Amino acid sequence: LVSTAPPPYPPNFKFEGWGDVLLPHQIDVSNMNLQMDTQVNGLIRLSRHVVPGMIERGRGCVLLSGEACCNLHGGYEFASVAPARAALRSLGQSMFQAYGPMGIHVCNVNIGGIIDSPKTRRWTTAREGLVSPEEIAEQFLNIYEQKKTVWSYEVNLTP
C-alpha cells in the first residue's frame, strides 16, 4: 500500500512563485478540516480495507509519502496543509509500532525537493536541485524490500 494522497490545497494556492500564500491567521478552518479528513481520516479508512488482509498474511508494507516541507518543518508557505501532514506522519509512527510486530512494515518517505517534471522545470533553471521520479521509485522499492531486522520507519530523500 502506498498512500500519496495530495493535500487539497486551498483555493488560489499557486506553487509558481508561491502565489497567494495564506499566513496562519488567514487559514480557513473548513479547509483545515478538509485537510485532516483527506490526509489522516483517509489513511484510517484505507487501512480498514487493506491492513486486515496484511495481518492475516502476517506481512505487508505501508509507504506514506509527502513533502518534507509539510511533514517535517512546516514552512510558512505550507501553513494551510502542513498540520495535517504532520498528523499523518504521527499516525504512521503509531502504525509502525502497532503493526511492525505483526510483520507489517510502515515507513514514512519525506521528499525534500521539487520532483522533476515538465511542469516543475518551468519553476527553476537549477536541474541539479530537482528530484528524479525514477530514483524516488527505486527508493520506494528498496524500502519495500527491506529485511525486517533493518526496517526503516522514516526515510528522507533529498537532491
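Bear in mind that the values here come from a model prediction, so they are computed numbers and not experimental data.

Reading the values: the criteria
Residues numbered from 1 in each chain as written. Predicted model: local features only at pLDDT ≥ 70, side-chain atom pairs only at ≥ 80, totals over all residues. Heavy atoms only, no water. Helix = DSSP H or I, 4+ residues; strand = E, 2+ residues; numbered from the N terminus. Buried < 20%, exposed > 50% of the residue type's maximum accessible area, 1.4 Å probe, protein only. Salt bridge = Lys/Arg side-chain N within 4 Å of Asp/Glu carboxyl O. Axes fitted to C-alpha atoms, helices over the stretch in contact; angles between N-to-C directions. Parallel < 35°, antiparallel > 145°, perpendicular 65-115°, else oblique. Left-handed = near helix turned anticlockwise from the far one by under 90°. Contact = heavy atoms within 4.5 Å. Core = buried A, V, L, I, M, F, W, Y, C linked by side-chain atoms within 4.5 Å. Polar contact = N/O pair within 3.5 Å; in protein donor to acceptor, adjacent residues only side chain to side chain. Expected span 1.5 Å × (residues − 1). Bend = angle between axes of the 7 residues up to and from the residue.

Novice: Summarise the overall build of the protein; cite the residues concerned and give the values.
Specialist: Of regular secondary structure, the protein possesses five helices and six strands. Ordered by position from N to C terminus, the α and β elements of the protein give β-α-β-α-α-β-β-α-β-α-β. Sorting the 159 residues of the protein into buried and exposed places 36% on the buried side.

Novice: So what's going on with the pattern of salt bridges? Which residues, and what values?
Specialist: Taken as a whole and judged by the stated rule, the model has two salt bridges. For aspartate 37, the salt bridge is made with arginine 45, and the minimal N-O distance between the two is 2.5 Å. By relative accessible area, which is 29% here, aspartate 37 ends up partly exposed. Assessed through its relative accessible area of 41%, arginine 45 is described here as partly exposed. One salt bridge in this structure joins arginine 89 and glutamate 154, with 2.6 Å as the shortest N-O distance. Residue arginine 89 is found in helix α3 (residues 82–99), and its partner glutamate 154 is found in strand β6 (residues 154–157); the two are separated by 65 residues along the sequence.

Novice: Any chance you could break down the packing of helix α1 (residues 29–57) against α3 for me, citing the residues and the numbers?
Specialist: The N-to-C vectors of α1 and α3 enclose an angle of 20 degrees; their axes lie 9 Å apart at closest approach. On the basis of the axis angle, α1 is roughly parallel to α3. Viewed along their axes, α1 and α3 form a crossing whose handedness is right-handed. In contact with Met32, Gln35, Met36, Gln39, Val40, Leu43, Ile44, Ser47, Val51 and Ile55 of α1, α3 contributes Pro83, Ala84, Arg85, Ala87, Leu88, Leu91, Met95 and Tyr99.

Novice: Hey, could you go over the nonpolar core for me, with residue numbers and the actual values?
Specialist: The nonpolar side chains of a soluble globular protein tend to be buried with one another. With eleven residues, the main nonpolar core is built from Cys61, Leu63, Cys107, Val109, Ile111, Val131, Ile136, Phe140, Ile143, Val155 and Leu157. Broken down by secondary-structure element, the contributors of at least two residues to this core are β2 (60–67), β3 (104–111), α5 (133–144) and β6. Setting aside anything within four residues of it in sequence, one finds cysteine 107 in contact with Val62, Leu63, Leu64, Ile143, Ser152, Tyr153, Glu154 and Val155.

Novice: Give me the environment of glutamine 26: which residues, what numbers.
Specialist: Mapped onto the elements of the fold, glutamine 26 is located in the loop between β1 (2–3) and α1. Using a relative accessible area of 40% as the deciding quantity, one classes glutamine 26 as partly exposed. Separated by 53 residues in sequence, glutamine 26 and alanine 79 have C-alpha atoms that sit 9.6 Å apart.

Novice: Run through the side chain of arginine 85, naming residues and quoting values.
Specialist: By the secondary structure assignment, arginine 85 is in helix α3. Polar contacts involving the side chain of arginine 85 include one to the main-chain carbonyl oxygen of serine 65, which spans 2.4 Å.

Novice: Report on α1, specifying residues and quantitative values.
Specialist: Given a rise of 1.5 Å per residue, 29 residues ought to cover 42 Å, and the 41 Å separating the end C-alpha atoms of α1 matches this to within 8%. At arginine 48, α1 shows its largest bend, some 45 degrees, and a proline, proline 52, comes one to four positions later. Taken together, the buried positions of α1 are occupied by Asn31, Met32, Gln35, Gln39, Val40, Leu43, Ser47, Val51 and Met54. Immediately beyond the C-terminal end of α1, within one or two residues, lies glycine 58, with a positive phi of roughly 75 degrees.

Geometric descriptors of this kind do not, in isolation, establish any biological role.
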